[in-house]
Amino acid sequence: MSRHQDDQMLRAVLGPEGPELSCEQCFEQLDRYVELALAGSDADVAIPAMRAHLEGCPACREDHASLRSFVTHDAPEPH
């Protein structure tokens, strides 16, 4: 295992350093988080615990990736 993988595993086991979100809270804020990020706003400042939750929760990270992919690929083409 590489040093990077070790660090990721350790962070996943220890959890976030700051405030925490539950999966339910993450799901409730996920649309807003993605919208802010895609609009160029600092989504991590607006929803501080989201990044840590996504890094530590594979299920929510997958939901985030799917939503981002859907929104960016389904966006209307500019004329």
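Computed from a predicted model, the values in this text were never measured in an experiment. Counting restarts for each chain, with residues numbered from 1 along the sequence as it is written. It should be noted that, the model being predicted, local features are given only for residues of pLDDT at least 70 and side-chain atom pairs only at 80 or more, the latter also being counted only at that level, while totals for whole chains, interfaces and linings use all residues. Note that water and hydrogens are dropped before the side-chain values are worked out from all heavy atoms of the structure.

1. A short note on the environment of Phe27
We count it as follows: Runs of E in the DSSP output that reach at least two residues are strands. Runs of H or I that reach at least four are helices, and both are numbered from the N terminus. For every residue, the accessible area obtained with a 1.4 Å probe (protein chains only) is divided by the maximum for its type, and the residue is called buried under 20%, exposed over 50%, and partly exposed between those limits.
In this fold, Phe27 is placed in helix α2 (residues 23-38). In this structure Phe27 comes out as exposed when scored by relative accessible area, which is 60%. C-alpha of Phe27 to C-alpha of His64: the two residues are 37 residues apart in sequence and 8.9 Å apart in space.

2. So, α2
For clarity, the threshold we go by: To estimate how far a helix should extend, the number of its residues minus one is multiplied by 1.5 Å. Note on bend: at a given residue it equals the angle between the axes fitted to the 7 residues ending there and to the 7 starting there. By definition in these notes, contact holds between two residues if any of their heavy atoms fall within 4.5 Å.
Between the first and last C-alpha of α2 there are 22 Å, a value that for 16 residues agrees with the 22 Å anticipated at 1.5 Å per step. At Gln29, α2 shows its strongest bend, of approximately 50°. Those residues of α2 that sit buried are Cys26, Leu30, Tyr33 and Val34. The inward-facing, buried residues of α2 contact α3 (43-46), α4 (50-56) and α5 (58-73). Just downstream of α2, Gly40 is the residue with a positive phi angle, here 90°.

3. Thoughts on the environment of Gln29
Within the secondary structure, Gln29 sits in helix α2. Here the alpha-carbon distance between Gln29 and Met50, two residues 21 residues apart in the chain, equals 8.3 Å. Those residues within four positions of Gln29 in sequence are excluded, and the remaining contacts are Ile47 and Met50.

4. Digging into the packing of α2 against α5
Packed helix pairs are characterised by how far apart their axes lie and by the angle those axes make with each other. The condition that has to hold: Note on geometry: axes are C-alpha line fits, over the in-contact stretch for helices, and angles between N-to-C directions span 0 to 180 degrees. Each crossing is labelled by how the near helix is turned from the far one, with a counterclockwise turn of less than a right angle marking it left-handed and a clockwise turn marking it right-handed. Any residue outside Ala, Val, Leu, Ile, Met, Phe, Trp, Tyr, Cys, Pro, Asp, Glu, Lys and Arg is labelled polar, Gly included; the first ten of those are nonpolar and the last four are charged.
Here α2 crosses α5 at 35°, and the two axes come no closer than 10 Å. The two elements α2 and α5 cross, and the hand of that crossing is right-handed. Touching Cys23, Cys26, Phe27, Leu30, Asp31, Tyr33, Val34, Ala37 and Leu38 of α2 are Cys60, Asp63, His64, Leu67, Arg68, Val71 and Thr72, all from α5. Among the residues forming the contact of α2 with α5, the class breakdown is 11 nonpolar, 2 polar and 3 charged.

5. So, the pattern of salt bridges
Note the following rule: Here, a salt bridge means any Lys or Arg side-chain nitrogen found within 4 Å of an Asp or Glu carboxyl oxygen.
This model, assessed by the stated rule, comprises 1 salt bridge. Linking Arg51 and Asp44 is a salt bridge whose minimum nitrogen-to-oxygen distance equals 3.6 Å. The exposure class of Arg51 is partly exposed, given its relative accessible area of 34%.

6. Brief notes about the nonpolar core
To keep it simple, the criterion reads: Within this scheme, the nonpolar core is defined by two criteria: the residues are buried Ala, Val, Leu, Ile, Met, Phe, Trp, Tyr or Cys, and they are joined through side-chain atoms within 4.5 Å.
Leu21, Cys26, Leu30, Tyr33, Ala43, Ile47, Ala49, Met50, Leu54, Cys57 and Cys60 together form the largest nonpolar core, which totals 11 residues. For this core, the elements supplying multiple residues, two or more each, are α2 and α4. In terms of residue count, α2 provides more of this core than any other element does, 3 residues in total. Once you skip the residues sitting within four places of it in the chain, Ala43 turns out to touch Tyr33, Leu36 and Ala37.

Any link to function would need more than the numbers given here.
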